[in-house]
Amino acid sequence: MSDTAAPVDPKSLVVRDAASVIVIRQDTGAPAVLMGMRGAGAAFMPNKYVFPGGAVDAGDAAIPLAGDLAPACTARLDLPPGATGRGHALAAAAIRELWEETGLRLGQPGTWPGTPPEDWTSFAETGLVPDASALRFLFRAITPPGRPRRFDARFFIADAARITGDPDDFSRASDELSHLHWVPLAEVRALSLPFITEVVLGEVAALLREDRLDQTGVAFFDNSTDRPAFRRLT
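Residues numbered from 1 in each chain as written. Predicted model: local features only at pLDDT ≥ 70, side-chain atom pairs only at ≥ 80, totals over all residues. Heavy atoms only, no water.

**Q** I'd like a rundown of the side chain of D78, residues and numbers included.
**A** You can see D78 is positioned in the loop between α1 (71-77) and α2 (86-102). Despite its burial, D78 remains without a salt bridge, the nearest opposite charge being carried by R86 at 6.6 Å. Of note is the side chain of D78, whose polar atom sits 3.3 Å from the backbone nitrogen of R86. A distance of 2.8 Å separates a polar atom in the side chain of D78 from the backbone nitrogen of G87. (Helix = DSSP H or I, 4+ residues; strand = E, 2+ residues; numbered from the N terminus. Buried < 20%, exposed > 50% of the residue type's maximum accessible area, 1.4 Å probe, protein only. Lys, Arg positive; Asp, Glu negative; His and termini not counted. Salt bridge = Lys/Arg side-chain N within 4 Å of Asp/Glu carboxyl O. Polar contact = N/O pair within 3.5 Å; in protein donor to acceptor, adjacent residues only side chain to side chain.)

**Q** Describe the side chain of T102, and please don't skip the residues or the numbers.
**A** By the secondary structure assignment, T102 is in helix α2. Given the relative accessible area of 0%, T102 is considered buried. At a separation of 2.5 Å, a polar atom in the side chain of T102 contacts the main-chain carbonyl oxygen of L98. Of the polar contacts made by the side chain of T102, one reaches the backbone nitrogen of L104; its length is 3.1 Å. In contact with T102, not counting residues within four places along its chain, are L34, P52, E97, D169, F170, A173 and L180. (Contact = heavy atoms within 4.5 Å.)

**Q** Describe the environment of N223, and please don't skip the residues or the numbers.
**A** Among the structural elements, N223 can be located in the loop between β10 (218-222) and β11 (229-233). Under the relative-accessibility criterion, N223 is labelled buried at 6%. C-alpha separation for the pair N223 and I142, spaced 81 residues apart in sequence, amounts to 5.1 Å. Excluding residues within four positions of it along the chain, N223 makes contact with I142, T143, P144, P145, R150 and P228.

**Q** Please set out the packing of aromatic side chains residue by residue, giving values where relevant.
**A** For any pair of aromatic rings, the description consists of the separation of the ring centres together with the inter-plane angle of the planes. All told, the structure shown has 9 aromatic pairs when counted by the stated rule. A connected cluster of aromatic rings, assembled from ring pairs, spans F51, F139, F155, F195, F221 and F230. The ring of F220 carries the charged tip of R140 above its face, separated from the ring centre by 4.3 Å. (Phe/Tyr/Trp six-rings, centres within 6.5 Å; stacked < 30°, edge-to-face > 60°. Lys NZ or Arg CZ within 6 Å of the ring centre and 35° of its normal.)

**Q** Describe the pattern of salt bridges, with residues and values.
**A** Enumeration over the complete set of coordinates arrives at 16 salt bridges. Across the pair R96 and E100 runs a salt bridge whose closest N-O atoms are separated by 3.4 Å. With R96 and E100 both in helix α2, this residue pair falls 4 residues apart, about one helical turn. For E198, the salt bridge identified is with R189, shortest N-O distance 3.9 Å. Residue classification places E198 among the partly exposed residues on the basis of a relative accessible area of 33%.

Structure follows, in structure tokens:
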């Protein structure tokens, strides 16, 4: 046996900002949530069903928005003090990732100022400008130490009624998520889910059951150190 330590992947030491979107559909009776499965070769959560989402890109902070986040959401996302603009970037990333991974659009008709960045070109070509007013900040979680990738993830909830176009049309989705489909909330735990996804779904179910989507706090599962903590951002 060698005494040489295995090399550490530098990517596992960096905690990147990320955004996910929990899209809830309520036009078919019981609430359903949009889920997709990550590939077997994915470095992060392979073979698991997840919400659409991913890391924030450098240009997301400058993306024009047709509608803004609610002020309370922005205040919680722009933490710590001095992080002004982080909420804008996270909301834009959430909309971009939803578009890339599912082909679904949260936007309003409009004209982009100037030339859209490359990773936004296809969205802009649909004639829409991203609409952050469709999103509500619901949950925050930091990936525990020791994982191959670490993210400071913010989870947004959106009503499928705010989607432009057919919510069953995934024809423009990338291949990052497979088996995209609407899953009744009552049945979603039968899927292979990451632990944090189960926790977030529990929060969603409680909020819908108690009709308190305008809650006064946001749950935060903080794994920034070796001692996990669960608290609420007020």
